[in-house]
Amino acid sequence: MQTETKDHWEKIYETKVETEFSWFQEYPQTSIDFINLFNLSKDAKIIDIGGGDSHLVDALIELGYTNIYVLDISAKAIQRAKDRLGHHAQRVNWIVADITEFTPDVSFDFWHDRAAFHFLTTEEQISRYLTTVSKAIQPSGYLVLGTFSENGPKKCSGLEIKQYSAASMSHLFEQDFKRVKCIEENHATPFNTLQNFVFCSFQKRDKPL
Ligand SMILES: C[S@@+](CC[C@H](N)C(=O)[O-])C[C@H]1O[C@@H](n2cnc3c(N)ncnc32)[C@H](O)[C@@H]1O
């Protein structure tokens, strides 16, 4: 695990409350809209990558999903999400791991990543993510990625990020995934600023291109 990256995130989650995070959302409406597009069964295996202490897991539980996984590099972030959920936390599979070193032992029907993938800035990190996501999603399963767009910020949480457009994101994943839908949206931060995101959804091909 990259110690520097982990230390950065542990410190963030030890020292700030959620409304001090630019990425904070009371309700992750865009992510839920994508999930609703795909008519997943309630027992679909769903993973949120770099979930942090996002409220997506709360929304998924509320919608009745029963096979939820949340992965984050920060143990503190995961602990915060568990504390918020109280006894509901037992219904979730929690994973503390660096996504570039994650080797899942289950196949997922739905993989969600909002504002985690864009922190991978080297070719090696991106290529590891691609290999993992391609192995981890079932044929016909879905992937939803949200990153800062080319009109968005160049940094997040003080770290350099990689911006994407719908075209560059689709190109990166096209060998194993066909594009379903891409949108751009402005996220309103708790400090009344706007961050332009691009979200794309993809479906895993039965065979690589
Ligand atoms: C900007 S926050 C977004 C949190 C959440 N997805 C949301 O939308 O509210 C980025 C998250 O990615 C996690 N993260 C960053 N690099 C990671 C990595 N290499 N592996 C796993 N998680 C990572 C951080 O700990 C943090 O929780």
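Heads up: the structure comes first, above all this text.
A brief structural summary. (Residues numbered from 1 in each chain as written. Predicted model: local features only at pLDDT ≥ 70, side-chain atom pairs only at ≥ 80, totals over all residues. Heavy atoms only, no water.)

Following the criterion strictly, the structure yields 1 disulfide and no others. Across a sulfur-sulfur distance of 2.1 Å, C182 and C200 are joined as a disulfide pair. Sign of the S-S torsion, about 110° for the bond between C182 and C200, identifies this disulfide as right-handed. Of this pair, C182 sits in strand β8 (residues 177-188) while C200 sits in strand β9 (residues 194-204), and the two are 18 residues apart along the sequence. The buried category is assigned to C200, whose relative accessible area is 0%. (Disulfide = S-S within 2.5 Å. Helix = DSSP H or I, 4+ residues; strand = E, 2+ residues; numbered from the N terminus. Buried < 20%, exposed > 50% of the residue type's maximum accessible area, 1.4 Å probe, protein only.)

What surrounds the ligand is a group of 18 residues, the closest being Y13, G50, D72, I99 and R114. Here Y13 contributes a side-chain N or O atom positioned 2.6 Å from an oxygen atom of the ligand. One of the backbone N or O atoms of I73 is found 3.2 Å from a nitrogen atom in the ligand. For the ligand, whose accessible area on its own is 590 Å², the fraction buried by protein is 97%. For the shell around the ligand, the secondary-structure elements that each account for two or more residues are α1 (3-15) and β2 (67-72). (Near = heavy atom within 4 Å. Polar contact = N/O pair within 3.5 Å; in protein donor to acceptor, adjacent residues only side chain to side chain. Areas by Shrake-Rupley, 256 points an atom, 1.4 Å probe, with all protein chains shown as cover.)

Another point: helix α4 (residues 75-85). Turning to α4, its buried residues number three or more, namely A77, I78, R80, A81 and L85. Buried residues along α4 cover an arc of 160° about the axis, so they all sit on one side. Residues of α4 that are buried in the fold lie against α1, α3 (56-62), β2 and β3 (92-96). Looking at where α4 begins, the residue whose side-chain oxygen comes 3.3 Å from the main-chain nitrogen of K76 is S74. Count one or two residues on from α4 and you reach G86, which has phi positive near 60°. (Arc of directions from axis to C-beta. Contact = heavy atoms within 4.5 Å.)

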